[in-house]
Amino acid sequence: MSKKAVINIKKCDQSPFCPVKRVCPAGAVTQNKKGFFRADAPKIDKDKCTGCGICLKVCPMGAVKIS
Ligand code: SF4
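Colleague: Help me understand the overall build of the protein chain in this model?
Modeller: Within the protein chain, the regular secondary structure consists of 2 helices and 4 strands. Expected size for 67 residues packed as a compact globule is a radius of gyration near 11 Å; at 11 Å, the protein chain falls within 12% of this value. Buried positions account for 34% of the 67 residues belonging to the protein chain. Residue pairs in contact within the protein chain that sit at least 24 positions apart in sequence constitute 55% of those at least 6 positions apart. Working note: accessible area of the protein chain is about 4,600 Å², and carbon and sulfur atoms make up 56% of it.

What follows is the structure, given as structure tokens:
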């Protein structure tokens, strides 16, 4: 099975300005906002994720890994 991006919820700062969802070329990352300054941790759709690894490089918290 091909590798996919996974978010470590313990490391994620749940920023509504998450760069991970902006850079994903596959549109695999979604995030529920709870207001201007609050959001849930992003979710990665395993069916859409291609495992490209771009999101690993932009997460300031190092919360994304490929496994
Ligand atoms: S590994 Fe690539 S396709 Fe998968 S969530 Fe990250 S940026 Fe998107």
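Colleague: Where do I start with the pattern of salt bridges in this structure?
Modeller: Oppositely charged side chains may form a pair once their charged atoms are brought near each other. This model, assessed by the stated rule, comprises 1 salt bridge. A salt bridge links aspartate 40 to lysine 34; its shortest N-O distance comes to 2.9 Å.

Colleague: Quick question: what am I supposed to make of empty space enclosed by the protein here?
Modeller: The gaps of empty space that remain are located by a probe, the size of a water molecule, rolled over the atoms. Tallied over the entire structure, the rule returns 1 cavity of 30 Å³ or more. In this structure, the largest cavity occupies an estimated 110 Å³ of space. Together, 14 residues line the largest cavity, and Cys24, Cys49, Thr50, Cys52 and Cys55 are the ones closest to its centre. A class-by-class count of the residues in the lining of the largest cavity yields 11 nonpolar, 3 polar and no charged.

Colleague: Whenever I open this one, the nonpolar core confuses me. Can you help?
Modeller: Judged by nonpolar contacts, the single largest core of 15 residues is most densely connected at Ala5, Val20, Ile44 and Val64. If sequence neighbours within four positions are ignored, valine 64 has contacts with Ala5, Val6, Ile7, Val20, Ile44, Cys55, Leu56 and Cys59.

Colleague: Would you mind showing me how to read the environment of serine 67 here?
Modeller: Its location among the elements puts serine 67 in the segment after strand E4 (64-66). Taking the C-alpha atoms as reference, serine 67 lies 8.7 Å from serine 2; in sequence the two are 65 residues apart. Those residues within four positions of serine 67 in sequence are excluded, and the remaining contacts are Lys3, Lys4 and Val6.

Colleague: Help me understand the site of the ligand, please; the structure alone is not making it clear to me.
Modeller: As a structural note, the neighbourhood of the ligand is formed by 13 residues, with Cys24, Cys49, Cys52, Gly53 and Cys55 the closest of them. The cavity that encloses the ligand is the largest cavity. Of the residues contributing to the shell around the ligand, the split by class is 10 nonpolar, 3 polar and no charged.

Colleague: When you look at the environment of leucine 56 in this model, what are you seeing that I'm missing?
Modeller: The topology assignment puts leucine 56 in helix H2 (residues 54-58). Considered as a pair, leucine 56 and isoleucine 66 are 10 residues apart in the sequence and their alpha carbons are 7.9 Å apart. Sequence-distant contacts of leucine 56, defined by excluding residues within four places in its chain, comprise Val64, Lys65 and Ile66.

Rules of the game
- Residues numbered from 1 in each chain as written.
- Predicted model: local features only at pLDDT ≥ 70, side-chain atom pairs only at ≥ 80, totals over all residues.
- Heavy atoms only, no water.
- Helix = DSSP H or I, 4+ residues; strand = E, 2+ residues; numbered from the N terminus.
- Rg over C-alpha atoms; globule rule 2.2 N^0.38 Å.
- Buried < 20%, exposed > 50% of the residue type's maximum accessible area, 1.4 Å probe, protein only.
- Contact = heavy atoms within 4.5 Å.
- Areas by Shrake-Rupley, 256 points an atom, 1.4 Å probe, with all protein chains shown as cover.
- Salt bridge = Lys/Arg side-chain N within 4 Å of Asp/Glu carboxyl O.
- 1 Å grid on protein atoms, 1.4 Å probe; cavity = no way out; pocket = protein on both sides within 12 Å on 5 of 7 lines; lining within 4 Å.
- Points joined across faces, edges and corners; volume = space filled by probe spheres on them.
- Nonpolar A, V, L, I, M, F, W, Y, C, P; charged D, E, K, R; others polar.
- Core = buried A, V, L, I, M, F, W, Y, C linked by side-chain atoms within 4.5 Å.
- Near = heavy atom within 4 Å.
- Sits in = over half its atoms within 2 Å of the grid points.

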